[in-house]
Amino acid sequence: QVQLVESGGGLVQAGGSLRLSCAASGRTFSRNAMGWFRQTPGKERDIVAAINWSGSSTYYADLVKGRFTISRDNAKNTVYLQMNSLKPEDTAVYYCAASSFTTTLSTSKNVYAYWGQGTQVTVSS
């Protein structure tokens, strides 16, 4: 059974940092694109960052560009999201996702077949 398990969320003050981890089990994703999305109540789940299979290509949403960094360790089957200079508007449930078939990064939810359960990030002002 394939599982993606996020960790590292929590409560932080504005300006602080958090590092999210997403550990995959059940199959290897070393040849697959992965991404981070976030969602707030009543809104769509939006892309935050994406990374190709090797880590050589990344994408960031404009709202997080320059503050967040996505990376991966294929030996550990894990993807990370380093979040710096956090703002209250970054408060959301963060989900990691893995594609089942593509090596190139994608911003579309449709290419990600596997999703974690989500981890809450709350940034206080």
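What comes next concerns the included structure.

So, how was this worked out
Residues numbered from 1 in each chain as written. Predicted model: local features only at pLDDT ≥ 70, side-chain atom pairs only at ≥ 80, totals over all residues. Heavy atoms only, no water. Buried < 20%, exposed > 50% of the residue type's maximum accessible area, 1.4 Å probe, protein only. Helix = DSSP H or I, 4+ residues; strand = E, 2+ residues; numbered from the N terminus. Pairing = 2+ DSSP bridges. Salt bridge = Lys/Arg side-chain N within 4 Å of Asp/Glu carboxyl O.

1. Concerning the pairing of strand S8 (residues 78–83)
At step 1: When you tally the buried positions in S8, you get five out of six residues, the bulk of the element.
At step 2: With six bridges joining them, strand S3 (residues 18–25) and S8 adopt antiparallel strand pairing. Across the sheet, residue Arg-19 finds its bridge partner in S8, namely Gln-82.
At step 3: In this structure, strand S7 (residues 68–73) lies alongside S8, joined through six bridges in antiparallel fashion. When the sheet's bridge partners are listed, Thr-69 is paired in S8 with Gln-82.
At step 4: Counting the residues in the hairpin turn of S7 and S8 gives four residues, including Asn-77, whose phi is positive at 55 degrees.

2. Quick notes on the pattern of salt bridges
At step 1: Evaluated as defined, the whole model comprises three salt bridges.
At step 2: For Arg-38, the salt bridge goes to Asp-90, with nearest N and O atoms at 2.9 Å. Note that Arg-38 is positioned in strand S4 (residues 34–39) and Asp-90 in the loop between S8 and strand S9 (92–99), a separation of 52 residues in sequence. Accessibility assignment for this pair places Arg-38 and Asp-90 in one class, buried.
At step 3: One network of salt bridges, in which partners are shared, links Arg-38, Arg-67 and Asp-90.

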